[in-house]
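Analysis of the macromolecular model
Single-letter residue listing:
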Amino acid sequence: MSKGTSNSRFTSFVDADFFLLSKDVKFIRTVFLQALRSEGADEATFRKLDPETLSDRLDGIPSIPDAVRALFEISIGYESDPSDKSFKAMHNHVQTMSANDIKVAARLYLEMLNHANLVERNHRVRRWREVKRGERDIQSKSSQTLQQTFKVLLDSGFSPEDIRSALVSQNTELVFTAHPTQAARRSVLSKNSRVSEFLEKQDNSNFLTPVQKNEMLHDLQATLMSIWRTNPVRRHKPTPEDESRYGLSVVEQSIWEALPEHYHAVDYALKEIGQPPLPIDCCLLTLGSWMGGDRDGNPFVTAELTRRVVHLSKWRAAQLYWGEVDKLL
């Protein structure tokens, strides 16, 4: 929330942050529960998506057992009164539930906790943009912008030339690794990314037409429902090659776009202190990977597998570069 936003309920950024977080959590929970409520219904019911008129409780959802619905209501009571008495009420109720009801409850709470995590991540991005726009201050030195960091260095006696020279000679290597217990499935991660995009659009929904807003909510609801219907647990243990493919997908979906943006941000910060941009051959970050090549006792990592992973990495890198070159033609 910017400094220009006035509300008598807010006495600090902390109050405003909590309000926005709570509002976004309730928003996504309402849309998700409406998706469950509309499962098997006709299109008109499915598109009834005005969160202001919908319930964020479990009423009217046939697929949710009564015992789970009761547990949800008890947990709402614990949220407003986090006492030992309220917690014991939840504990006692769970002990009376069947194994199937507990399974449904666990999956439901897993999804809602995941929604809260996505909302918090979006809020962190929102706050960081406010810092970069100069609308709020940040106390942590580890979370400063480049401009703030350069100012600290200049105030400490370093010249602009010193700062640029240090950057040009700097290199950080990011090494990818993986663990067989990695639980998140790529299909779910991809859908979570789409939810994050919808949350960002929701922040700017005032600029959308009513039709665009309705379509956005409809697509968000469909994505949340798709996640609900996707098994969150892998049925088979991932192979070292599967782990390598997952690591490459991180490069393709995140780092490939984020790294050039970082270089542009560095060039912009250098320009503000009167320095030329980084040389064309400057390499601030390099990437490495253990996936498909570690020899720490994994009997499935063989020389042949490492060779396949290397060829796969080269092929995927060539595809990325081909796409960028094709944009220039």
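Residues numbered from 1 in each chain as written. Predicted model: local features only at pLDDT ≥ 70, side-chain atom pairs only at ≥ 80, totals over all residues. Heavy atoms only, no water.

1. Notes on the overall build of the protein chain
- Secondary structure assignment for the protein chain yields eleven helices and two strands.
- Listing the helices and strands of the protein chain from first to last along the sequence gives α-α-α-α-α-α-α-β-α-α-α-β-α.
- Counting across all 329 residues of the protein chain, residues that qualify as buried make up 33%.
- Carbon and sulfur atoms make up 56% of the accessible area of the protein chain, which totals about 20,900 Å². (Helix = DSSP H or I, 4+ residues; strand = E, 2+ residues; numbered from the N terminus. Buried < 20%, exposed > 50% of the residue type's maximum accessible area, 1.4 Å probe, protein only. Areas by Shrake-Rupley, 256 points an atom, 1.4 Å probe, with all protein chains shown as cover.)

2. Notes on the side chain of Arg164
- Mapped onto the fold, Arg164 is located in helix H7 (residues 160-168).
- An unpaired buried charge is present at Arg164: no salt bridge exists, and Asp267, the closest side chain of opposite charge, is 7.2 Å distant. (Lys, Arg positive; Asp, Glu negative; His and termini not counted. Salt bridge = Lys/Arg side-chain N within 4 Å of Asp/Glu carboxyl O.)

3. Details of the environment of Ile102
- With respect to the helices and strands, Ile102 occurs in helix H5 (residues 99-132).
- On a C-alpha basis, the gap between Ile102 and Ala67 in space is 8.8 Å, while along the polypeptide they are 35 residues apart.
- Those residues within four positions of Ile102 in sequence are excluded, and the remaining contacts are Val94 and Met97. (Contact = heavy atoms within 4.5 Å.)

4. Some points on the packing of helix H3 (residues 66-80) against helix H4 (residues 84-95)
- Relative orientation of the contacting elements H3 and H4 amounts to 170°, with a least axis distance of 9 Å. The angle between H3 and H4 falls in the class roughly antiparallel. Along its contact with H3, which presents Ala67, Ala70, Leu71, Ile74, Ser75, Gly77 and Tyr78, the element H4 presents Ser86, Phe87, Ala89, Met90, His93 and Val94.
- Here the contact of H3 with H4 is composed, by residue class, of nine nonpolar, four polar and no charged. (Axes fitted to C-alpha atoms, helices over the stretch in contact; angles between N-to-C directions. Parallel < 35°, antiparallel > 145°, perpendicular 65-115°, else oblique. Nonpolar A, V, L, I, M, F, W, Y, C, P; charged D, E, K, R; others polar.)

5. Things to note about the nonpolar core
- In terms of nonpolar packing, the biggest core is built from 34 residues, with Leu36, Leu108 and Val195 touching the most fellow members.
- Among the elements of the structure, helix H1 (13-37), H3, H5, helix H8 (186-203) and helix H9 (210-228) are those that each provide at least two residues to this core.
- Excluding residues within four positions of it along the chain, Val195 makes contact with Ile28, Leu118, Leu220, Thr223, Leu224 and Ile227.
- If you look at the next biggest cluster of nonpolar residues, it comprises eleven residues, including Ala269, Leu270, Leu278 and Leu284. (Core = buried A, V, L, I, M, F, W, Y, C linked by side-chain atoms within 4.5 Å.)

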